[in-house]
Amino acid sequence: MKSLIIAAGKGSRLPEFTKDIPKCLIKINNKSLLKKQIDQMRKFKIKDIAIVKGYKSHKINFKNIKYFYNRNYKTNEQLDSLIIANKWFTDDLLISFSDIIYENSILTKIIKSKHDFTIAIQKNWKKKYKNRFDHPVSQADKVFIKNNKVSDIGKKISEKKTNGEFLGIFKLSKNMCKTFVKEYKLLNKNKKTNKLQIHNFFQYLIKKNFNIKPTYVDGKYMEIDTYNDFTIARKMFNEK
């Protein structure tokens, strides 16, 4: 299995940090978000790790990592950033956003999943939005699971319909990797993709009857978009 971390963005809502470094290098417990993920993946014996970098790319410089450079990081979003690394899609692939921090138990569940295409879902997700005054529930990547598959995903899903949140971690089998890239290329022929988030592409695939399976996870998890998120994450992960 390989892994890929998407780390090209700036993090414009965190100017306290991102004037000097990309958001993924923010530290909690004296370790950057990116370094923590790399260490976690290596703990699970994933040796082939790649990172897509863009903003202040020279600051991201870890040993024994494959790098892909998104030269258009200022104008494109997650999906195009991910596809820049399409040459890495040659094996079972674990993919993660870089601005998240999570317990090992979450990674254990997604790695052990036998599904061809699965995304990490947290059912009891609303509690961590309780104190996120500048990141409301409306901004969550909400999902609706029906018959044990993802039938809807996106920020616009109503809270009443939502029964989970996508955490920014997913896994593709080797065969699904080929299909994933192929479907992106088909979409890209007919539509501009530079403003699409990854959940937008998932929704596109759902409409084409792709079977995206949920992997339900629990444990400490936080996405860091604002300084308040950073403060919550520090408390959650017991930084003194």
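Quick note: structure is the one above.
For the structure given in this document, a descriptive report is provided here. (Residues numbered from 1 in each chain as written. Predicted model: local features only at pLDDT ≥ 70, side-chain atom pairs only at ≥ 80, totals over all residues. Heavy atoms only, no water.)

**Points about the packing of aromatic side chains**
Item 1. A complete count under the given rule lists 17 aromatic pairs for this structure.
Item 2. An aromatic cluster is defined as three or more aromatic residues linked by ring pairs; in this entry it consists of Phe89, Phe97, Phe117, Phe166, Phe170, Phe180, Tyr184, Phe201, Phe202 and Tyr204.
Item 3. The ring of Trp88 has Lys2 lying over it, and the distance from NZ or CZ to the ring centre is 4.0 Å.
Item 4. In this structure, Arg132 is placed above the aromatic ring of Tyr129, and the distance from its NZ or CZ to the ring centre is 4.7 Å. (Phe/Tyr/Trp six-rings, centres within 6.5 Å; stacked < 30°, edge-to-face > 60°. Lys NZ or Arg CZ within 6 Å of the ring centre and 35° of its normal.)

**Focus: the layout of surface pockets**
Item 1. In this structure, the largest pocket occupies an estimated 1100 Å³ of space.
Item 2. Going through the elements one at a time, β1 (2-7), α3 (78-83), β10 (149-154), β11 (164-172), α6 (198-207) and β13 (221-223) are the ones with two or more residues in the lining of the largest pocket.
Item 3. In terms of residue count, the dominant contributor to the lining of the largest pocket is β11 (four residues).
Item 4. When the residues that make up the lining of the largest pocket are grouped by side-chain class, the tally is twelve nonpolar, 17 polar and 13 charged. (1 Å grid on protein atoms, 1.4 Å probe; cavity = no way out; pocket = protein on both sides within 12 Å on 5 of 7 lines; lining within 4 Å. Points joined across faces, edges and corners; volume = space filled by probe spheres on them. Helix = DSSP H or I, 4+ residues; strand = E, 2+ residues; numbered from the N terminus. Nonpolar A, V, L, I, M, F, W, Y, C, P; charged D, E, K, R; others polar.)

**Comments concerning the pattern of salt bridges**
Item 1. Under the definition given, this model contains eleven salt bridges.
Item 2. Note that Asp229 and Arg132 form a salt bridge whose closest N and O atoms lie 2.9 Å from each other. Taken together, the residues Asp229 in helix α7 (residues 227-236) and Arg132 in the loop between β8 (117-122) and β9 (142-146) connect sequence positions 97 residues apart. Across the pair, Arg132 and Asp229 agree in class, each one buried.
Item 3. Ionic contacts of the salt-bridge type, sharing partners, join the residues Lys23, Asp99 and Asp225 into one network. (Salt bridge = Lys/Arg side-chain N within 4 Å of Asp/Glu carboxyl O. Buried < 20%, exposed > 50% of the residue type's maximum accessible area, 1.4 Å probe, protein only.)

**Here we look at helix α5 (residues 174-190)**
Item 1. Taking 1.5 Å of rise per residue, 17 residues should cover 24 Å, and α5 covers 26 Å from first to last C-alpha, within 8% of that figure.
Item 2. Of the residues making up α5, those classed as buried are Met176, Cys177, Phe180, Val181, Glu183, Tyr184 and Leu187. The buried residues of α5 occupy an angular sector of 160 degrees when the element is viewed end-on, so they sit on one face. For α5, exposure combined with an orientation more than 90 degrees from the buried face picks out Asn175, Lys178, Lys182, Lys189 and Asn190. (Expected span 1.5 Å × (residues − 1). Arc of directions from axis to C-beta.)

**Focus on the nonpolar core**
Item 1. The biggest cluster of nonpolar side chains holds 64 residues, and the ones touching the most others in it are Ile119, Phe170 and Phe180.
Item 2. Among the elements that line this core, the one with the most residues is α5, at six residues.
Item 3. By size, the runner-up hydrophobic cluster in this structure holds eleven residues, among which are Leu14, Ile224, Ile232 and Ala233. (Core = buried A, V, L, I, M, F, W, Y, C linked by side-chain atoms within 4.5 Å.)

**Regarding helix α4 (residues 104-112)**
Item 1. Among all positions in α4, only Ile106, Leu107, Ile110 and Ile111 are buried. Buried residues of α4 fall within an arc of 125 degrees about the axis and therefore sit on the same side.

**Some points on the environment of Tyr55**
Item 1. Within the element layout of this structure, Tyr55 appears in the loop between β4 (48-53) and β5 (66-69).
Item 2. The class of Tyr55 is buried, set by a relative accessible area of 10%.
Item 3. Once the C-alpha coordinates of Tyr55 and Asp20 are considered, the two residues, 35 residues apart in sequence, prove to be 10 Å apart.

**Regarding unusual backbone geometry**
Item 1. Unusually for a residue other than glycine, Lys45 sits at a positive phi of about 65 degrees.
Item 2. Positionally, Lys45 belongs in the loop between α2 (33-43) and β4.

**Digging into the pairing of β1**
Item 1. Most of β1 sits inside the fold, with six of its six residues counted as buried.
Item 2. Every second residue of β1 is oriented toward a common face, with Lys2, Leu4 and Ile6 on one face and Ser3, Ile5 and Ala7 on the other, all of them buried.
Item 3. Where β1 meets β4, six bridges bridge the pair, whose relative direction is parallel. In the sheet register, Ile6 faces β4, and the bridge partner there is Val52. (Pairing = 2+ DSSP bridges.)

**Some thoughts on the side chain of Lys171**
Item 1. Topologically, Lys171 is positioned in strand β11.
Item 2. Buried and without a salt bridge, Lys171 has Asp92 as its closest oppositely charged side chain, separated by 6.1 Å.
Item 3. Of note is the side chain of Lys171, whose polar atom sits 3.2 Å from the backbone oxygen of Ile110.
Item 4. The residues touching Lys171, leaving out its near neighbours within four places in the chain, are Met1, Leu93, Leu94, Ile110, Ile111, Lys112, Ser113, Asp116, Phe117 and Thr118. (Lys, Arg positive; Asp, Glu negative; His and termini not counted. Polar contact = N/O pair within 3.5 Å; in protein donor to acceptor, adjacent residues only side chain to side chain. Contact = heavy atoms within 4.5 Å.)

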